[in-house]
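For reference, the chains in residue letters:
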Amino acid sequence: METKAVVLGCRNDGYKEDERIVVCLNSMVETFDEVWYCDWNSPSDRGPLLWRLEDKILKQGKIRHFIISEDIVKMIYGDNDRISPYAFILAQNLLIRRCTADWITSTAMDIIAPKKEYLDSFISQADKDTFYSISRRDVEYSELEKIGFKNWKEFRDKMDSTTEPRRFPARVTPNDNYSLINCCGDFQTARKDIWHKIKGFEEQMLYVCYGDTNVQKKAVLNGFKLEAYYDLPLYHLSHRGMSNDGSSPSKQYYNDPYKWVEFFKSTENDENWGFGDTLIEYEII
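These numbers were taken from a predicted model, which means no experiment stands behind them. (Residues numbered from 1 in each chain as written. Predicted model: local features only at pLDDT ≥ 70, side-chain atom pairs only at ≥ 80, totals over all residues. Heavy atoms only, no water.)

Caption draft 1: Structural view of unusual backbone geometry. For N41, which is not glycine, the phi torsion reads 65° and is therefore positive. Relative to the helices and strands, N41 is located in the loop between β2 (34-40) and α2 (49-52). Accessibility expressed as a relative area gives 8% for N41, which makes it buried. With a phi angle near 75°, Y210 is a residue other than glycine that sits in the positive phi range. Within the element layout of this structure, Y210 appears in the loop between α8 (192-197) and α9 (211-221). By relative accessible area, Y210 is classed as partly exposed at 21%. (Helix = DSSP H or I, 4+ residues; strand = E, 2+ residues; numbered from the N terminus. Buried < 20%, exposed > 50% of the residue type's maximum accessible area, 1.4 Å probe, protein only.)

Quick look at the structure:
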């Protein structure tokens, strides 16, 4: 059977509630064969997030835990203070470049994974030459809070039987035929060879937004098919102070959608994308 991995990360800055992180990460551990996780730029006085939450995290030997310290990130960013403290694209590429599984899913630390049997069924029928954007279903953080975070499986069971697929078309530029759904990057799945052929996400997209649309256009430009998929139930837990379209007061500097979507033609990543020329140690949890 082909192996399935998820890549995701976070930082220890209090932005996402501990309970959210524990639920989301544990759901990934239960569903995927491998969980590749990057702690990116946690403040040095706080340390890595998973070390603080280790008593609540499932330890099944599935998590590959990479730690990129605040000092290292300062060397990468230089004097550019417009870059988000958590550079999603750089962290994801670091993981994608090293991940050894047959199928790789890129997601974020606010998603409850689908049940393992549902993911396995989807992958068993998935086309090997297609890049998939799987539509999330929005649920309220407060509703899970009411029934208790330890009961997240029961919450997911209820949502599986009561929610409908989320069909939310999106377009960020006039000729954007790649954002097949809003927030198309919340659960993107493709075989490892596709991710490597397109060299992951564009590493010059150092600000926020449109990286998910860009990577889907890259797949098309490299001869792969693109498909939005709606029938794999997975859930996005709502955020306080953030709208459903992903806009947030914390997002100050955006990537240029015309440069990276409308007029984008080919990758600017070199052969060392994902810090491929750097040996980076990790621990297994």
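Caption draft 2: Spotlight on the side chain of S42. As for its placement among the helices and strands, S42 is situated in the loop between β2 and α2. Its relative accessible area of 6% is what places S42 among the buried residues. A polar side-chain atom of S42 sits 2.7 Å from the main-chain amide nitrogen of N12. Every residue in contact with S42, bar those within four places of it in the chain, is listed here: R11, N12, G47, P48, L49, I68 and E70. (Polar contact = N/O pair within 3.5 Å; in protein donor to acceptor, adjacent residues only side chain to side chain. Contact = heavy atoms within 4.5 Å.)

Caption draft 3: Quick look at the pairing of strand β6 (residues 130-134). Extensive coverage of β6 is indicated by the burial of five of its five residues. On β6, burial covers both faces: T130, Y132 and I134 on one face and F131 and S133 on the other are all buried. In this structure, β6 lies alongside strand β9 (residues 225-229), joined through five bridges in parallel fashion. Within β9, the position partnered with F131 by the bridge is L226. (Pairing = 2+ DSSP bridges.)

Caption draft 4: Expanded view of a nonpolar patch on the surface. The grouping of I72, M75 and I76 at the surface amounts to a nonpolar patch, some 290 Å² of accessible area in total. When you line up the elements, M75 lands in helix α3 (residues 70-77). For M75, a relative accessible area of 66% corresponds to the exposed category. (Patch = residues over 30% accessible without salt bridge, like charges linked within 9 Å, V, L, I, M, F, W, Y side chains within 5 Å. Areas by Shrake-Rupley, 256 points an atom, 1.4 Å probe, with all protein chains shown as cover. Salt bridge = Lys/Arg side-chain N within 4 Å of Asp/Glu carboxyl O.)

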